[in-house]
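Next come the chains, spelled out residue by residue.
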Amino acid sequence: MTGTTPEGAHTEQEAAAWVRSMFGRVAHRYDLANHLLSFNIDRYWRAHTAARVRDVLARPDARVLDICCGTGDLVRALQRARSDGPPVMGSDFCHPMLVAARAKVGAGNLFESDALRLPLADGSLDLLTVAFGFRNLANYDAGLREMRRVLRSGGTAAILEFSQPPNALFGALYNFYSRRVLPAIGGALSGSRDAYTYLPESVRRFPSPDELAAMMRAAGFTRVEFERLTGGIVAVHLGRA
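Residues numbered from 1 in each chain as written. Predicted model: local features only at pLDDT ≥ 70, side-chain atom pairs only at ≥ 80, totals over all residues. Heavy atoms only, no water.

A. How the structure looks around the pairing of strand β6 (residues 222-229). Examined bridge by bridge, β6 and strand β7 (residues 234-240) share six bridges and lie antiparallel to one another. Within β7, the residue paired with F226 across the bridge is H237. Where β6 hands over to β7, the hairpin turn is made up of four residues, of which T230 adopts a positive phi near 50°. (Pairing = 2+ DSSP bridges. Helix = DSSP H or I, 4+ residues; strand = E, 2+ residues; numbered from the N terminus.)

What follows is the structure in structure tokens.
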């Protein structure tokens, strides 16, 4: 496995094109679906991630970028958590998502870019974050190497991503919800059932927190740690460049 594998995609290029198209179709209802399907807990997950990197955000000279920023919810959470310094930047390769993000965080600090090929110099960032977007990359190892490239020595990477709950009973309930309930509701809200069928499948195929931590170390990150939230539905990984 190199990265996400949507049904029918046979190459990394096809996988990336499918993901871009899928997010473009659901952008207009993405926030509503996220908040409803997570019972608004997704707001807490992002706020908690911002709190975990508050030490970097507190530095007035810190340069911060959220990749795969979607509609800008984590950009906004990070911005709220910092009191001084340049605005948090956001990037995404799906234009309709960036259009939605501009309504929240403004257009000045958003740019359209593939997370595997960021238009940034080596060592130019102090903090790089990604929330629920890393799982959708066409190549996970390449994504981690690119994150490492643009972070300065000592910079921090934070990955907030869905995971499989470690408790068997809770995991069974979660899998029933994600495979049976989520596609029906998400499809009805967005008009794209395949997007919310893809979601639980992409989570099922995604590396475990331990495996992702090992991949981060292999990509050159140190002091790698992770924290499970909400019974292990999601995990926050932190690492230093």
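Having seen the model, we can carry on.
B. A look at the sheet that holds strand β1 (residues 64-67). Taking strand neighbours across the sheet as the criterion, the seven strands line up as β3-β2-β1-β4-β5-β7-β6 in an open arrangement whose pairing is mixed. Every interior strand has two partners, whereas the edge strands, β3 (110-112) and β6, have only one. On average, adjacent strands in this sheet sit at an angle of 15° to one another, irrespective of strand direction. Where strand β5 (residues 151-162) and β7 come together, seven bridges link them in antiparallel fashion. What sits directly across from F162, in β7, is V234. Running at roughly 175° to β3, helix α6 (residues 95-105) makes contact with β2 (89-92) and β3 of the sheet. (Axes fitted to C-alpha atoms, helices over the stretch in contact; angles between N-to-C directions. Contact = heavy atoms within 4.5 Å.)

C. Main features of the environment of D194. Its place among the elements puts D194 in helix α9 (residues 193-205). Residue classification places D194 among the partly exposed positions, given a relative accessible area of 35%. Separated by eleven residues in sequence, D194 and P183 place their C-alpha atoms 7.6 Å apart. Ignoring any residue separated from it by four or fewer positions in sequence, one finds D194 in contact with W18 and R25. (Buried < 20%, exposed > 50% of the residue type's maximum accessible area, 1.4 Å probe, protein only.)

D. Highlighting the pattern of salt bridges. For the coordinates displayed, the defined rule picks out 15 salt bridges. Between R52 and E227 there is a salt bridge, with the nearest N and O atoms lying 2.6 Å from each other. Of the two residues, R52 is situated in helix α3 (residues 41-52) and E227 in strand β6; the sequence distance between them amounts to 175 residues. Judged by relative accessible area, which is 26%, R52 ranks as partly exposed. (Salt bridge = Lys/Arg side-chain N within 4 Å of Asp/Glu carboxyl O.)

E. Broad picture of the pairing of β5. In terms of burial, β5 is a largely internal element, nine of the twelve residues being buried. In the sheet, strand β4 (residues 125-131) pairs with β5 via six bridges, with the strands oriented parallel. Within the sheet, the bridge partner assigned to L125 lies in β5 and is L151. Taken together, β4, helix α7 (residues 140-150) and β5 constitute a β-α-β crossover, and its handedness is right-handed. (Right-handed = clockwise from strand over helix to strand, strands pointing away.)

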